[in-house]
Amino acid sequence: MGRNSCLLKLGLLAVSKAQLVQRILYIPFDQLHRNYGVLKGADKATDVIAMIESQAMVTGADWHPERLFFLISSARHFAKDLQAEGFTVDYRKAADTPTGLQEIQKEHKDAPIICAEQSSFRLTEKLRTINAEFIPTDFFLTPRELFASWAGSQKSYLMENFYRKQRVRLNILMDGDQPAGGAWNFDKDNRLPPPKNYNWPAYLEHSRDEIDTEVAKELNMSHTTTWATTRKGALAQLDYFITHHFAHFGPYEDAMALDSWSLHHSLLSPYMNNGLLHPAEVIQAAEKAFKTGKVPVESAEAFVRQIIGWREYVNGMYWFLGPEYRNNNQLQASRKLLPLFDDPSKTQMNCIKSTVTDINDRAWVHHIPRLMLLSNLALVTGTNPQEFLEWMRRVFIDATDWVMVPNIIGMGVHADGGLMMTKPYAAGGAYISRMSNYCKGCAYNPKLRTGDSACPFTTLYWDFLDRHKETFAKNHRMSQQVFGLNRLSDLPELKERAQEVLEGLEKGLV
Ligand SMILES: Cc1cc2nc3c(=O)[nH]c(=O)nc-3n(C[C@H](O)[C@H](O)[C@H](O)COP(=O)(O)OP(=O)(O)OC[C@H]3O[C@@H](n4cnc5c(N)ncnc54)[C@H](O)[C@@H]3O)c2cc1C
Ligand code: SF4
């Protein structure tokens with residue numbers, strides 16, 4: 001793949017100091033931060049900054065256009081900013097990353113390629129094949145070895161235990177050696193259903209520039225204004241969250257509402273994942289706001305838990321569990337991906353139609369639809385975990401390997417047999433009905449498990465438990481559910497309905 005006219009227009013290809021170059025510093029599209037990674041020790045006089053728009057990445061899957069747009073436009077903006085600062089930037093399109101880097105290396109008398117540790121096993125292996133040198137990554141708050149030593153000393157990998165250690169180690173929301181507010185966990189104050197007649201703050205829109213327009217044109221799409229593609233825009237999103245949402249984050253963090261697509265969620269994951277924001281910056285902003293006294297501790301704690309707890313834990317587990325972990329399928333789930341994931345127009349399940357439509361519109365929904373709707377549906381229908389994982393990776397703006405693999409294989413569909421989470425996140429319609437306002441307008445009834453209008457989630461929840469009752473009987477955290485199953489008087493009828501629902505879902509008729 002040759003160099004491209006749009007890149008020339010940005011002036012990103014001018015490398016005029018071939019004889020001086022001592023190092024090639026490789027910046028992948030998820031390390032776009034000036035102060036971290038390999039850029040920290042960069043020398044404008046003797047380093048070339050290499051950025052590769054890998055065509056294998058761009059065309060390798062049917063990616064959500066919004067996701068490609070976000071990743072590419074952010075990278076081009078970043079390259080341009082570096083160049084404006086005086087760096088020599090070689091941003092080029094290449095068949096794949098190693099090929100692009102080798103092309104650059106040839107032009108610089110085989111200068112060494114240096115990079116920070118990559119965010120996935122695959123990229124790491126690819127760069128090893130061209131003898132790239134790695135420095136430790138500092139894009140997370142927890143070094144990989146530190147996490148491994150914690151995990152290696154645990155009987156079960158409870159996030160809560162890791163999180164409490166993080167609070168102390170990083171000294172976040174602490175009063176001396178005690179947690180601020182007197183408790184580690186405020187879940188009892190959170191987890192409220194969506195409020196009625198509530199005024200959600202307006203969404204922050206991000207303006208577009210020449211680079212955005214050019215990328216959108218290349219991708220043959222019209223860009224939206226949902227996601228920022230610059231550091232400035234990412235900082236504006238952080239500021240908007242802190243000012244308008246942070247104080248209310250906790251109580252409604254698990255709710256799903258038809259009248260707001262993001263509720264009080266921060267919408268910061270894409271920027272932390274591509275490097276435009278560092279998690280330390282997000283935590284500092286949160287702590288500063290908490291110290292003003294305007295943010296209740298239950299919201300502050302809930303948010304801090306996500307950043308220094310869940311995010312770091314999931315990254316740590318990805319590296320700790322190794323490259324084979326993604327292939328787990330302990331529940332032997334073999335169903336092909338259901339058609340409603342790609343085309344929600346025909347399903348009568350209001351919750352799924354609304355969620356997949358939201359994803360099609362902006363490549364994002366918050367953690368509860370990801371877990372309790374999409375993953376739950378894949379889990380109770382026995383959908384193949386790897387097919388579901390690939391779909392999730394294609395459609396989310398913030399999808400990256402390190403975060404998707406543990407969240408799906410471990411948390412979402414329990415394909416690791418309980419290595420990460422002690423019990424599966426399976427739920428029937430009653431949970432969804434309690435936490436959302438989807439069910440009122442639905443063709444199905446969340447309370448029913450048999451009959452034509454039974455909620456598919458409710459029917460399939462019991463069917464799932466029945467299919468795996470022998471496995472779950474050994475799990476003391478599942479004993480209540482298995483006990484409930486044994487008391488069902490209409491199990492034969494339910495099994496028949498479950499079969500109908502599964503066939504209907506496969507044909508795209510449910
Ligand atoms: C099945 C499943 C798949 C997921 N896939 C992804 C993914 O591909 N990329 C991704 O960034 N997040 C993923 N998450 C985590 C979470 O859903 C998103 O980070 C969050 O919805 C992003 O929106 P937000 O920034 O508004 O988050 P907020 O609700 O405002 O939370 C703040 C931050 O906490 C972090 N966080 C919270 N939960 C998790 C978690 N379970 N794992 C890692 N980070 C977390 C994120 O960085 C997020 O930005 C997944 C969760 C589940 C259950
Ligand atoms: S009734 Fe069932 S399918 Fe319909 S919206 Fe509620 S949970 Fe979803």
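Here's a quick rundown of the structure.

Rules used in this analysis
- Just so you know, the residues in each chain are numbered from 1, in the order the chain's sequence is written.
- Here every chain gets a letter starting at A, and every ligand a number starting at 1, in the order they are written.
- Reporting of local features is limited, given that this is a predicted model, to residues whose pLDDT is at least 70; pairs of side-chain atoms are given and counted only at 80 or more, and all residues count toward the totals for whole chains, interfaces and linings.
- Each side-chain value is derived from all of the structure's non-hydrogen atoms; neither hydrogens nor water enter the calculation.
- Near is defined per residue: the residue qualifies when any heavy atom it owns lies within 4 Å of the molecule or strand.
- Side-chain classes follow a simple rule in which Ala, Val, Leu, Ile, Met, Phe, Trp, Tyr, Cys and Pro form the nonpolar group, Asp, Glu, Lys and Arg form the charged group, and the remainder, Gly included, forms the polar group.
- Under this definition, polar contacts are N or O atom pairs within 3.5 Å; protein pairs additionally need one hydrogen-donor-capable and one acceptor-capable atom, and for neighbouring residues in sequence, both atoms have to be side-chain atoms.
- Surface exposure here means Shrake-Rupley accessible area, sampled with a 1.4 Å probe, where a residue is shielded only by the protein chains that are shown.
- Where helices and strands are cited, they refer to DSSP runs of H or I of at least four residues and of E of at least two residues respectively, numbered from the N terminus.
- For this analysis, a ring pair means two rings from Phe, Tyr or Trp (six-membered ring only for Trp) whose centres lie within 6.5 Å, classed as stacked if their planes differ by under 30 degrees, edge-to-face if by over 60, and tilted for the remaining angles.
- Residue burial is assigned from relative accessible area. The probe radius is 1.4 Å, only protein chains are included, and a residue is buried under 20% of its type maximum, exposed over 50%, and partly exposed in between.
- Look at NZ for Lys and CZ for Arg. If either is within 6 Å of the ring centre and within 35 degrees of the ring normal, a charge sits over the ring.
- Whenever a carboxyl oxygen of Asp or Glu lies within 4 Å of a side-chain nitrogen of Lys or Arg, that contact is scored as a salt bridge.
- The length a helix should cover is 1.5 Å for every residue beyond the first.
- The contact criterion used throughout is that any non-hydrogen atoms of two residues lie within 4.5 Å.
- When DSSP locates at least two bridges between a pair of strands, those strands are taken to pair.
- Here an axis means a line fitted to C-alpha atoms, over the contact stretch when the element is a helix, while the angle between two N-to-C directions is reported on a 0 to 180 degree scale.
- Here roughly perpendicular refers to angles of 65 to 115 degrees, roughly parallel to angles under 35, roughly antiparallel to angles over 145, and oblique to all remaining angles.
- Crossing handedness: left-handed means the near helix sits turned counterclockwise from the far one by under a right angle, and right-handed means the same turn made clockwise.
- The arc refers to the directions leading from the helix axis to the C-beta atoms.

## Some points on the site of ligand 2
Taken together, Met349, Asn350, Cys351, Ile432, Tyr438, Cys439, Cys442, Tyr444, Pro446 and Cys455 make up the full set of residues near ligand 2. Residue composition of the shell around ligand 2, grouped by class: 9 nonpolar, 1 polar and no charged.

## Quick look at the site of ligand 1
Lining the immediate surroundings of ligand 1 are 29 residues, of which His265, Ser266, Leu267, Asn273 and Asp398 lie closest. With respect to ligand 1, the backbone of Leu268 contributes an N or O atom lying 3.0 Å from an oxygen atom. Protein contact buries 98% of the 810 Å² of open area that ligand 1 shows by itself. Elements represented by at least two residues in the shell around ligand 1 include exactly helix H10 (269-274), helix H12 (297-321), helix H14 (367-380) and helix H16 (401-412).

## Points about the packing of aromatic side chains
By the definition in use, this model includes 31 aromatic pairs. With 4.5 Å between their ring centres and 65° between their planes, Tyr198 and Trp200 make a pair best called edge-to-face. Relative accessible area serves as the criterion here: at 25%, Tyr198 is assigned to the partly exposed category. Taking 6.2 Å as the distance between ring centres and 25° as the angle between the ring planes, the aromatic pair formed by Phe388 and Trp391 counts as stacked. Linking Phe388 with Trp391, this pair stays in helix H15 (residues 385-395), spanning 3 residues, or about one helical turn. As far as burial versus exposure is concerned, Phe388 and Trp391 are alike and both buried. A network of ring pairs unites the aromatic residues Phe147, Trp150, Phe162, Trp310 and Tyr313 as a single cluster. Positioned over the ring face of Phe87 is Lys44, at 5.5 Å from the centre of the ring. Sitting over the face of the ring of Trp319, Arg144 holds its NZ or CZ atom 3.6 Å from the ring centroid.

## Some thoughts on the pattern of salt bridges
Oppositely charged side chains may form a pair once their charged atoms are brought near each other. According to the stated counting rule, one finds 36 salt bridges in the structure shown. Residues Asp358 and Arg362 are paired through a salt bridge, measuring 3.5 Å at the closest nitrogen-oxygen approach. Highlighted residues: Asp358 and Arg362, both in helix H13 (residues 350-362), separated by 4 residues, approximately one helical turn. Across the pair, Arg362 and Asp358 agree in class, each one buried. We note a salt bridge from Asp398 to Arg370, for which the minimum N-O separation is 2.9 Å. Residue Asp398 is located in the loop between H15 and H16, and its partner Arg370 is located in helix H14; the two are separated by 28 residues in the primary sequence.

## Focus on helix H9 (residues 231-244)
Its 14 residues give H9 an end-to-end C-alpha distance of 20 Å, which sits within 8% of 20 Å, the value for a rise of 1.5 Å per residue. Looking at H9, one finds that the buried residues are Gly233, Ala234, Gln237, Leu238, Tyr240, Phe241 and Ile242. Looking at the buried side of H9, the elements it contacts are H10, helix H11 (279-291) and H12.

## Structural notes on the environment of Lys495
With respect to the secondary-structure elements, Lys495 resides in helix H21 (residues 491-507). When the C-alpha atoms of Lys495 and Ile24 are compared, they prove to be 61 Å apart, with 471 residues separating the residues in sequence. Among all residues touching Lys495, those that are not within four sequence positions of it are Asp463, Asp466 and Arg467. At 2.8 Å, the side chain of Lys495 forms a polar contact with the side chain of Asp466.

## Thoughts on the pairing of strand E3 (residues 88-94)
Along E3, 7 of the 7 residues are buried, which leaves the element largely enclosed by surrounding structure. Of the two faces of E3, the one holding Thr88, Asp90, Arg92 and Ala94 and the one holding Val89, Tyr91 and Lys93 are both buried throughout. Relative to E3, strand E2 (residues 47-54) runs parallel, the two sharing 7 bridges. Bridge pairing links Val48 to Thr88 in E3.

## Quick word on the packing of helix H6 (residues 144-152) against helix H7 (residues 159-170)
Axis separation between H6 and H7 bottoms out at 11 Å; the angle between their running directions is 135°. In terms of their interaxial angle, H6 and H7 are classed as oblique. Crossing of H6 over H7 shows right-handed handedness. Contacts between H6 and H7 involve Leu146, Phe147 and Trp150 from the former and Asn161, Phe162, Lys165 and Arg169 from the latter. Counted by class, the contact of H6 with H7 contains 4 nonpolar, 1 polar and 2 charged residues.

## With respect to the environment of Val380
Topologically, Val380 is positioned in helix H14. Accessibility expressed as a relative area gives 0% for Val380, which makes it buried. For Val380 and Ser73, which are 307 residues apart along the polypeptide, the C-alpha to C-alpha distance reads 38 Å. Setting aside residues up to four positions removed in sequence, Val380 forms contacts with Ala426, Leu460, Tyr461, Phe464 and Arg467.

## Points about the side chain of Thr458
Assignment of secondary structure puts Thr458 in helix H18 (residues 456-467). Given a relative accessible area of 8%, Thr458 falls into the buried group. Apart from the residues lying within four places of it in its own chain, the contact partners of Thr458 are Gly428, Gly429, Ala430, Pro446, Leu448 and Arg449.

## Topic: H6
When H6 is considered as a whole, its buried residues turn out to be Arg144, Phe147, Trp150 and Ala151. Seen end-on, H6 carries its buried residues on one side only, within an arc spanning 125°. Seen from the buried face of H6, the exposed residues on the opposite side, beyond 90 degrees, are Glu145 and Gly152.

## Quick word on the pairing of strand E1 (residues 23-26)
The pairing of E1 with E2 spans 4 bridges and is parallel. Bridging across to E2, Ile24 finds its partner in Val48. Pairing geometry for E1 and strand E4 (residues 113-116), over 2 bridges, is parallel. Across the sheet, residue Ile24 finds its bridge partner in E4, namely Ile113.

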